[in-house]
Amino acid sequence: MKTKPPGLVVVSNRIPVTCQYERGKLRLQTSSGGLVSALEPLLEDQGGVWVGSPGGYDSPEVHKLMAGAAHPKNHRYASVYLSAEEQQYFYQGFSNEVLWPLFHDLQSRCNFDPRYWRSYQDVNRKFAKAAENAAGPDTLIWIHDYHLMQVGRTLRAHRPEARLAFFLHIPFPPPDIFEKLPWRREILEGLLEHDLIGLQTRRDERNFVGCLRSFVPSIKIAGGEEGHTVVSERRQTYIRFLPISIDYPKFSEAAASAPVQQRVEEIRAHHSGMQIALGVDRMDYTKGIPERLKAFRSLLRNYPQFHRRVTLIQIVVPSRESIPHYQDLKNEVERLVAEINGEFGEPEWIPINYIHRSIPREELIAVYNAAEVALITPLKDGMNLVAKEYCASRAQTDGVLILSEFAGAASELRNGALLVNPYDEDGVAAAIKKALEMPAEERHRRMLRLQNQIRTANILKWRDRFFAAIKKSPAAS
Ligand code: ADQ
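Residues numbered from 1 in each chain as written. Predicted model: local features only at pLDDT ≥ 70, side-chain atom pairs only at ≥ 80, totals over all residues. Heavy atoms only, no water.

Draft legend 1. Up close: the sheet that holds strand 4 (residues 48-53). In spatial order, the strands read 5-4-1-6-7-8-11-10-9; together these 9 strands make up an open sheet with mixed pairing. Pairing within the sheet leaves two strands with one partner each, and these edge strands are strand 5 (75-79) and strand 9 (220-224). The average undirected angle you get between the axes of adjacent strands in this sheet is 20°. Both strand 7 (residues 163-167) and strand 8 (residues 196-199) contribute to a ladder of 3 bridges, which runs parallel. Residue pairing across strands places alanine 165 opposite leucine 196, the latter belonging to strand 8. Taken strand by strand, helix 1 (residues 34-46) contacts strand 1 (8-14), strand 4, strand 5 and strand 6 (140-144), and its axis lies near 155° from that of strand 4. (Pairing = 2+ DSSP bridges. Helix = DSSP H or I, 4+ residues; strand = E, 2+ residues; numbered from the N terminus. Axes fitted to C-alpha atoms, helices over the stretch in contact; angles between N-to-C directions. Contact = heavy atoms within 4.5 Å.)

Draft legend 2. Layout of the domain arrangement of the chain. Taken domain by domain, the chain consists of domain 1 (8-244 + 460-476) and domain 2 (248-456). With 25 residues of domain 1 at the contact, the number on the domain 2 side is 26 residues. Across the domain 1/domain 2 interface, buried area totals approximately 2,000 Å², and carbon plus sulfur atoms make up 56% of it. When the buried surface of domain 1 facing domain 2 is broken down by residue, Trp100, Arg109 and Ile244 rank first, second and third, together holding 25% of it. Our count for the contact surface shared by domain 1 and domain 2 stands at 1 salt bridge. Note that aspartate 105 is salt-bridged to lysine 380, the shortest N-O span being 3.6 Å. The interface formed by domain 1 and domain 2 includes 6 residue pairs in polar contact (both at pLDDT 80 or more). Counting only elements with at least two residues in the side of domain 1 that touches domain 2, the list comes to helix 1 and helix 3 (84-103). Here the side of domain 1 that touches domain 2 gets 6 residues from one element, more than from any other, and that element is helix 3. Per-class residue counts for the side of domain 1 that touches domain 2 are 10 nonpolar, 9 polar and 6 charged. (Domains from an automatic or database assignment. Buried area = accessible area lost by both parts, 1.4 Å probe. Salt bridge = Lys/Arg side-chain N within 4 Å of Asp/Glu carboxyl O. Polar contact = N/O pair within 3.5 Å; in protein donor to acceptor, adjacent residues only side chain to side chain. Nonpolar A, V, L, I, M, F, W, Y, C, P; charged D, E, K, R; others polar.)

Draft legend 3. Spotlight on the sheet that holds strand 15 (residues 373-376). The strand order across the open sheet formed by 6 strands is 14-13-12-15-16-17, and the pairing between neighbours is parallel. Both edges of this open sheet fall to strand 14 (352-356) and strand 17 (418-420), since each of them pairs with a single strand only. Direction aside, the axes of adjacent strands within the sheet are offset by 20° on average. Where strand 16 (residues 400-404) and strand 17 come together, 3 bridges link them in parallel fashion. Among the inter-strand pairings, isoleucine 402 is bridged to a residue of strand 17, identified as leucine 418. Across the sheet, helix 11 (residues 289-302) touches strand 12 (275-282), strand 13 (310-317), strand 14 and strand 15, and the angle it forms with strand 13 is around 175°. Running over the sheet, helix 13 (residues 361-370) touches strand 12 and strand 13 and is turned about 140° from strand 12.

Draft legend 4. Expanded view of the packing of helix 3 against helix 4 (residues 114-134). Contact geometry of helix 3 with helix 4 gives a least axis separation of 8 Å together with a crossing angle of 110°. With respect to helix 4, the axis of helix 3 lies roughly perpendicular. Two packed elements cross with a definite hand, and for helix 3 against helix 4 that hand is left-handed. Between helix 3 and helix 4, the contacting residues are Glu86, Tyr89, Phe90, Gly93, Phe94, Ser95, Glu97, Val98 and Leu99 on the first element and Arg115, Tyr116, Trp117, Ser119, Tyr120, Val123, Asn124, Lys126 and Phe127 on the second. Of the residues in the contact of helix 3 with helix 4, the class split is 10 nonpolar, 4 polar and 4 charged. (Parallel < 35°, antiparallel > 145°, perpendicular 65-115°, else oblique. Left-handed = near helix turned anticlockwise from the far one by under 90°.)

Draft legend 5. Representation of the pairing of strand 13 in the model. Counted residue by residue, strand 13 has 8 buried out of 8 residues, so it is predominantly covered. Both faces of strand 13 are covered, namely the face carrying Val310, Leu312, Gln314 and Val316 and the face carrying Thr311, Ile313, Ile315 and Val317. Bridge analysis of strand 12 against strand 13 gives 8 bridges, and the strand direction is parallel. Residue pairing in the sheet places leucine 278 in a bridge with isoleucine 313 of strand 13. Note that the unit made of strand 12, helix 11 and strand 13 has a crossover that is right-handed. Handedness of the crossover joining strand 13 and strand 14 through helix 12 (residues 324-344) is recorded here as right-handed. (Buried < 20%, exposed > 50% of the residue type's maximum accessible area, 1.4 Å probe, protein only. Right-handed = clockwise from strand over helix to strand, strands pointing away.)

Draft legend 6. Examining the site of the ligand more closely. As a matter of local geometry, the ligand sits amid 26 residues, with Ser37, His169, Asp381, Met383 and Glu389 nearest to it. Between histidine 169 and the ligand, the recorded distance is 2.6 Å, taken from a side-chain N or O atom to an oxygen atom. Take isoleucine 359: an N or O atom from its main chain is 2.8 Å from a nitrogen atom of the ligand. When the free accessible area of the ligand is taken as 720 Å², the share hidden by the protein chains comes to 95%. For the shell around the ligand, the elements supplying multiple residues, two or more each, are helix 1, strand 12, strand 13, helix 13 and helix 14 (385-392). Per-class residue counts for the shell around the ligand are 12 nonpolar, 8 polar and 6 charged. Both domain 1 (8-244 + 460-476) and domain 2 (248-456) contribute no fewer than three residues apiece to the shell around the ligand. (Near = heavy atom within 4 Å. Areas by Shrake-Rupley, 256 points an atom, 1.4 Å probe, with all protein chains shown as cover.)

This is how it looks when you write it as structure tokens:
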């Protein structure tokens, strides 16, 4: 019997399960990261097929493990298997040594190796084929993020009438940075094969439209406040900023639950007499972890009254460990933690409590709940879900969010957060001081504002706005 085609096919580089070696044995683990955190509740609710790579290399062992993998209740995974060379050139290379640094304004970290580009196109064709196999004629195919910006090109060539949408989770750079990319025109034209392109912030929309104007002169662009419509030779594309969010009740309800509250008390008892500042990040140079540690060192240098009175809990989830820049970063972070603890630590006080691993969701929520201050200071970030998760987990409507003005989240959360420039060590130190000394009434007022904002603009709202934008796209009319 033929099964009914799904209404939705989501395509992303990774699915939420990862094949990984653990003590010499290949096992399935859950993957973490912003994209998975955002899409999982959506697919749970909506159903469909999730196309992506389960990690590991294309081998009989990985196929066997995936064949036996349990699928979620309401949707199923369709795996795309990548060879070792594809992982190296497409994933580590083009995706993470070209697009990732360039789109985060860090061009000096780019390596524009032409072999990377060829592999990127080949692998994007592979993903397109898997998506095509999973979709029926009326299925909405929703492609995610910078790894897959050429998938739409192949899909469109094979299925001119397909319904195609794209969402970029990372920032879109301005024209004077994007122009460094040798394949800038191919990337833009590939994106224009979609009916809808969603971006995180108004600034990203403006940058993207600016790049189209500069590098694809043959198109016509109309619009403004309510998004832009681009008319190219073959089609029309609607472009709209749609800030991503979190499953608010999942965090707020877990935060109020008895086991989490019990854990909060244990963490607080361990730090009795002290305030807790918290950083939670993937190990990535865009997250500004060394800069934050230096700002914390400035706090301890400039304001000795906080010695023995504050601890920074810095949780870092390992990420992209096979890329040399990431290994250097880990070494730098660990050196700084050791130096600062060595300079200021005392027998009964360790200034920085450093945790380098993924931790379970409930434990993360307990730590969010125990920390009086969250330090979210990326050098550049598409959105940053940790900022929103922290606020949603503050069961007592208290706590101060210190947020980089270069995180996408700053545009929605500027009214409640203390905004900082992450490059300004002394400025961040002064903001931490302000947060630690903030009167209870102001903390409450600010947190209430943040919670109201995030509760209203939650992940389901994001989904609804996305689907409403698809209806508005020219192809749907
Ligand atoms: P990321 O760069 O991965 O996401 P972010 O949005 O902060 O960044 O999401 C990180 C996720 O990982 C959060 O859900 C967090 O709870 C989880 N996490 C972090 N550290 C963890 C740890 N030690 N243990 C367990 N879980 C941990 C990309 C973009 C972002 C964008 C998202 C979604 O770079 O800008 O917000 O996609 O669009």
